[in-house]
Amino acid sequence: MEEGNWGAFGGVMRTPDLVDMVVHRRSAPAPTNAAEGELAQGTAADPVCGMTVELDGAITLELDGVTHAFCCTGCRDVFLARWHQSPRS
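Keep in mind that what you see is a predicted model, and the values were worked out from it rather than measured.

> Could you give an account of the packing of aromatic side chains, naming the residues involved and the relevant values?
Evaluated as defined, the whole model comprises one aromatic pair. Summarising the aromatic geometry, the rings of Phe70 and Phe79 are spaced 5.3 Å apart at their centres and angled 55° between planes, so their arrangement reads as tilted. Residue classification places Phe70 among the buried residues on the basis of a relative accessible area of 1%. Taking the relative accessible area as the measure of exposure, Phe79 reaches 15% and is therefore buried.

Below, the structure is given as structure tokens:
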């Protein structure tokens, strides 16, 4: 894979970025690549990587009555694992 072709946290990741992410175990939520309200009709921001996804045909997951859309099953799995680990009232 060509350098700079990975995406995470709503941006391009290069090898040093990935190493830093693993070493420092970042757990902050991913920023979206569009501010609230700037998403086009029929799209959503992936809550893990921040990628804008088309709702038609997107990978979705409903938790507590909220539907979340993801760019891939990997992001869905990360989100679900975080959800299971987070305290809820």
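Still more ground to cover, so stick around.
> Requested: an account of the side chain of Thr43, with residues and values cited.
Mapped onto the elements of the fold, Thr43 is located in strand S3 (residues 43-45). A polar contact of 2.6 Å, which involves the side chain of Thr43, links it to the backbone oxygen of Ala40. Among all residues touching Thr43, those that are not within four sequence positions of it are Thr52, Val53, Glu54 and Leu55.

Rules used in this analysis
- Residues numbered from 1 in each chain as written.
- Predicted model: local features only at pLDDT ≥ 70, side-chain atom pairs only at ≥ 80, totals over all residues.
- Heavy atoms only, no water.
- Phe/Tyr/Trp six-rings, centres within 6.5 Å; stacked < 30°, edge-to-face > 60°.
- Buried < 20%, exposed > 50% of the residue type's maximum accessible area, 1.4 Å probe, protein only.
- Helix = DSSP H or I, 4+ residues; strand = E, 2+ residues; numbered from the N terminus.
- Polar contact = N/O pair within 3.5 Å; in protein donor to acceptor, adjacent residues only side chain to side chain.
- Contact = heavy atoms within 4.5 Å.

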